[in-house]
Amino acid sequence: MPPKPAPRLFRYVSKPRKPAAPDTNFSPAAAHNSPASDADADAVYRAVTSAPTPSAMESALAASGVPLSSPLLDAVMSRFRFAHGDPLRALSLLTLAADRGGVAPSPFAIDTALYVLGRSRRFVHMWDLLDSTRRVCPDAFSPRTAMVVLGRVAKVCSVRETVDSFRRLARMFRVLDTGGLFNALLRTLCQEKSMSDARNVYHALKYEFKVNLQTFNILLSGWKSAEDAEAFVAEMRELGVEPDLVTYNSLIDCYCKNRDVEKAYKLLDEMREKDISPDVITYTSLIGGLGLIGQPDKAKDLLKEMHELGCYPDVPAYNAAIRNFVIAKRLGEAFGLMDEMASKGLMPNPTTYNLFFRLYYWAFDIGSAWRLYERMRSEGCFPNTQSCMFIIRLCHRHGKVAQALELWSDMVSNGFGSFTLVSDVLFDLLCDEGKLEDAERCFHQMVELGQKPSNVAFRRIKILMQLAKQEESIARLTEKMARFGRLAPEDCQKHHHPAESRPCNGDGADIDILRAA
């Protein structure tokens, strides 16, 4: 009986097609290792996300003239992750690159594809991709890959199902060190489930897998009860494993979060007695703990003490100190620390600004929030998703259409924030104010970026357009929404465009959407 042929690297999510000869547009032998430019990555991402069919995607990529390469795939996969693009289109791109251009995706590209598939709960495709990776390039699998897969499973599945996935990975990739895989499982449970779940799994499986210092440090990193953490360290010492800097940092952080700063300082003395030098993480925990007990000034003095000891504060350390003053509503001193950061070459990051945006949001202060956003933008720093939500909600509360549209324009131009979350609030505001032209324009911009507007937003805009008898606009929006799959029955009314006679959806044959095989 002839041997079973090896499967293709990735299953192409479209109708079966005959293999074609390699296209010169997809054969970038000289470009495999060249760095990818942002312009090329943006062009490929737009071609992949805006094409209505797989064949159209091929044609668009060929017409772009951008040679596919491994660095380019990395850059495009990152856009799929942070822009929340369609995961099946990401998989289609990897397939096309492998089949038509002979470009093998890097471990980073594979991990990112697994992440976006798992985030969208496309677990069948995720396991198919893992199986293909095991057969074709098993070296691409690493503990990081295991963290990605287990993290996505644990996000929506039970602890038992997560452990079952861990065992499935252990069987699938026998070359991987099982101890490293066990640590990946525990880290995932700490992050996505609870410390109690992680502790129970550890005690149930600790005799099957070799535990080490990293195992204990993982379990200590998320402990909330100081008493339980102390008991766990005692068990660690009974097994002959001595604490290191990471262990002490975890314990100090636990004490500080429980407002027991006195015990944290005792551990600091113990570290010094054992010649274990505290690092910036140690001091950052102490700064946060001092803020929790209402001593922001002492925390600020700790920044100076760090300089004297040769341990220089970083941005998270300053953020912890700034947070203390923001909580105390002493904004003058908080902004003073921001200026001090800049004078030392440490630029405030989105987390820094988010501390202020949160305060302004709860104070309903759109003026201060917008001035801070302008300052942030002038410094080349863009807000994270939470800050964007604070700003857009303030705009909605105060009816600030112009500022909301300006924020949206910046998001479209610079690619920050979550379009899905922000657009829902923006469309609510525009509909409340009767700005249908702006709503339609933003809707089209979102679709062109490969982002699917929510069905709720689509229906609300559609109802207002029906009241205004804007049939052409309704037809355009319905056609755009159909790119993302079959519409709900109530959204499938036949709207005829004046220049076209075919229905916008019909039986689905007129619009060929990328679907799972």
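Residues numbered from 1 in each chain as written. Predicted model: local features only at pLDDT ≥ 70, side-chain atom pairs only at ≥ 80, totals over all residues. Heavy atoms only, no water.

What am I meant to see in the overall build of the protein here?
Within the protein one finds 26 helices and zero strands. Residue burial in the protein is summarised as follows: out of 517 residues, 48% are buried. Long-range contacts, defined here as pairs at least 24 residues apart, represent 69% of the contacts in the protein between residues at least 6 apart. Split by element, the accessible area of the protein, about 24,500 Å² in all, is 52% carbon and sulfur. (Helix = DSSP H or I, 4+ residues; strand = E, 2+ residues; numbered from the N terminus. Buried < 20%, exposed > 50% of the residue type's maximum accessible area, 1.4 Å probe, protein only. Contact = heavy atoms within 4.5 Å. Areas by Shrake-Rupley, 256 points an atom, 1.4 Å probe, with all protein chains shown as cover.)

For this particular structure, what's the right way to read unusual backbone geometry?
Trans is the prevailing form of peptide bonds, just as negative phi is the prevailing case for residues other than glycine. With a phi angle near 55°, phenylalanine 364 is a residue other than glycine that sits in the positive phi range. Assignment of secondary structure puts phenylalanine 364 in the loop between helix 19 (350-362) and helix 20 (366-378). Given the relative accessible area of 48%, phenylalanine 364 is considered partly exposed. Although it is not a glycine, lysine 469 adopts a positive phi angle of roughly 55°. With respect to the helices and strands, lysine 469 occurs in the loop between helix 25 (455-467) and helix 26 (471-482). Lysine 469 sits in the exposed class, given a relative accessible area of 71%.

I would appreciate a short explanation of the UniProt feature "repeat: PPR" (unreviewed entry) in the protein in the present structure.
Under the local residue numbering, the UniProt record ascribes the feature "repeat: PPR" (unreviewed entry) to residues 244-278, 279-313, 314-348, 349-383, 384-418 and 419-453. The span residues 384-418 carries 80% helix and 0% strand; its end-to-end C-alpha distance comes to 8 Å. Across residues 419-453 one finds 77% helix and 0% strand; the C-alpha atoms that close the span lie 8 Å apart. (UniProt positions renumbered as here; feature names shortened; annotations may be inferred.)

How should I be thinking about the packing of aromatic side chains in this particular structure?
The description of two aromatic rings rests on the distance between their centres and on the angle between their planes. Scanning the entire structure with this criterion turns up 15 aromatic pairs. Between tyrosine 45 and phenylalanine 80, the aromatic rings sit 5.0 Å apart at their centres with planes inclined by 75°, giving edge-to-face as the arrangement. Residue tyrosine 45 is found in helix 1 (residues 38-50), and its partner phenylalanine 80 is found in helix 3 (residues 70-82); the two are separated by 35 residues along the sequence. Classification of tyrosine 45 by relative accessible area gives buried; the value is 6%. Residue phenylalanine 80 is classed as buried on the basis of its relative accessible area of 0%. Seen in terms of ring centroids, phenylalanine 335 and phenylalanine 356 are 4.4 Å apart; in terms of plane orientation they differ by 20°. Their pairing is stacked. Here phenylalanine 335 is found in helix 18 (residues 331-343), whereas its partner phenylalanine 356 is found in helix 19, with 21 residues between them in sequence. (Phe/Tyr/Trp six-rings, centres within 6.5 Å; stacked < 30°, edge-to-face > 60°.)

I'm lost on helix 6 (residues 123-136) in this one. Help?
Residues three or four positions apart in an α-helix share a direction because the helix packs 3.6 residues into each turn. For helix 6, spanning 14 residues, the distance from its first C-alpha to its last is 20 Å, which sits close to the expected 20 Å at 1.5 Å a residue. Of the positions making up helix 6, those classed as buried are Phe123, His125, Met126, Trp127, Leu129, Leu130, Ser132 and Thr133. (Expected span 1.5 Å × (residues − 1).)

Before we go on, may I ask you to explain the side chain of threonine 284 in this structure?
Looking at the secondary structure, you find threonine 284 in helix 15 (residues 280-292). Take threonine 284: its relative accessible area is 19%, and that puts it in the buried class. One polar contact links the side chain of threonine 284 to the main-chain carbonyl oxygen of valine 280, over a distance of 2.7 Å. If we skip the residues at most four places from it in the chain, threonine 284 touches Asp314, Pro316, Ala317 and Ala320. (Polar contact = N/O pair within 3.5 Å; in protein donor to acceptor, adjacent residues only side chain to side chain.)

Please clarify how the environment of proline 107 should be interpreted in this entry.
Assignment of secondary structure puts proline 107 in helix 5 (residues 107-119). Sequence separation of proline 107 and serine 70 is 37 residues, and the distance between their C-alpha atoms is 9.9 Å.

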